[in-house]
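# Observations on chain architecture
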Amino acid sequence: MKARARRSAATTLAATALAIMASGCINTDAAVFVEPSIAAPEATVSSNALGTGLTASFALELHLSARASGPSRVAVRTFAITSADQKTSIVEPLPVETTAALPVEVAPDSDVTVAFTVDTGAQGGTLKADAAAALCAAEGIRITGAIEDSLEDGATPVASAVFHADCP
């Protein structure tokens with residue numbers, strides 16, 4: 001009788017597990033720490049007698065799954081423009097501006113997007129003369145950076161896909 005009860009319990013447990021999996025209720029999103037990404041990177045290079053100017057924009061997208069232990073406060077450490085292979089820093093630190101208040105809070109099972117802009121001319125500065133050639137390289141460039149996630153120790157790196165600046 002006990003063996004029959006154990007088989008019945010095992011069968012019931014297996015059927016319940018199959019029903020849960022079939023219903024799609026299992027959240028497989030493993031982002032228990034904030035997953036950053038850089039979207040829509042754009043850059044425009046200008047040259048004049050005073051040097052090289054740069055305007056750029058991008059969005060920092062932050063994702064946290066429902067499995068996270070709680071909300072995260074995310075601070076931005078730094079951004080830079082690097083070569084496509086990320087071996088050479090072209091503009092570091094990248095003088096970014098945003099209208100969002102930083103740090104931002106990311107709740108579990110949510111996404112937050114923060115828009116950033118760069119305008120070296122608005123800040124009264126120009127880049128080194130050789131920066132234009134590196135920014136306009138045929139291989140392209142990336143925006144790279146690091147964030148601090150309150151749910152995790154240390155910095156989390158982030159990089160955009162390779163893109164090409166609009167060059168003169």
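That block above? That's the structure.
So, here's what we can say about the structure. (Residues numbered from 1 in each chain as written. Predicted model: local features only at pLDDT ≥ 70, side-chain atom pairs only at ≥ 80, totals over all residues. Heavy atoms only, no water.)

### Thoughts on the nonpolar core
Core analysis: the biggest nonpolar cluster contains 33 residues, and L54, I81, L94 and L135 have the highest contact counts within it. Counting residues per element, the ones that place at least two in this core are β1 (35-48), β2 (51-64), β3 (72-83), β4 (89-91), β6 (104-106), β7 (110-119), α2 (131-135) and β8 (141-149). If one sorts the elements of this core by residue count, β2 sits on top with 6 residues. Those residues in contact with L94 that sit more than four places away from it in its chain are L54, F58, F79, A80, I81, V118 and I143. (Core = buried A, V, L, I, M, F, W, Y, C linked by side-chain atoms within 4.5 Å. Buried < 20%, exposed > 50% of the residue type's maximum accessible area, 1.4 Å probe, protein only. Helix = DSSP H or I, 4+ residues; strand = E, 2+ residues; numbered from the N terminus. Contact = heavy atoms within 4.5 Å.)

### Side note on the state of the cysteines
Taken as a whole and judged by the stated rule, the model has 1 disulfide. Residue pairing for C136: its cysteine sulfur links by disulfide to C167, the two sulfurs lying 2.0 Å apart. Residues C136 and C167 share a disulfide whose torsion about the S-S bond is about -100 degrees; that sign makes it left-handed. Pair noted here: C136 is in the loop between α2 and β8 and C167 is in the segment after β9 (155-159), with a separation of 31 residues, a long-range link. Look at C136 and you get partly exposed, because its relative accessible area is 30%. (Disulfide = S-S within 2.5 Å.)

### Side note on the pairing of β9
Residues T156 and V158 of β9 are buried on one face, while the alternating residues A155, P157 and A159, pointing to the opposite face, are not. Turn length for the β8-β9 hairpin, with the two strands adjacent in sequence and antiparallel, is 5 residues, and the turn residue G154 shows positive phi of about 85 degrees. (Pairing = 2+ DSSP bridges.)

### Description of unusual backbone geometry
Between E92 and P93 the backbone carries a cis peptide bond, its omega angle lying at -5 degrees. Residue position: P93 is located in the loop between β4 and β5 (96-97). Along the chain, L102 connects to P103 via a cis peptide bond; the corresponding omega equals 0 degrees. A positive phi angle, close to 65 degrees, is found at Q86, a residue other than glycine.

### Some thoughts on the environment of E97
As for its position among the elements, E97 is in strand β5. In this structure E97 comes out as partly exposed when scored by relative accessible area, which is 45%. In this structure the C-alpha to C-alpha distance between E97 and D119, which are 22 residues apart in sequence, comes to 8.7 Å.

### Side note on the pattern of salt bridges
Applying the stated criterion across every chain yields a total of 1 salt bridge. For E148, the salt bridge is made with R77, and the minimal N-O distance between the two is 2.7 Å. Of this pair, E148 sits in strand β8 while R77 sits in strand β3, placing them 71 residues apart in sequence. Look at E148 and you get partly exposed, because its relative accessible area is 34%. Among the residues examined, R77 registers a relative accessible area of 48% and is labelled partly exposed. (Salt bridge = Lys/Arg side-chain N within 4 Å of Asp/Glu carboxyl O.)

### Some points on the pairing of β8
Burial of β8 is extensive: 7 of the 9 residues sit out of reach of the surface. Bridge count between β3 and β8: 9 bridges; the pairing is antiparallel. Among the inter-strand pairings, A75 is bridged to a residue of β8, identified as E148. As paired elements, β8 and β9 share 5 bridges and run antiparallel to each other. Among the inter-strand pairings, E148 is bridged to a residue of β9, identified as A155.

So far we have only geometry, and geometry alone does not tell us how the molecule works.
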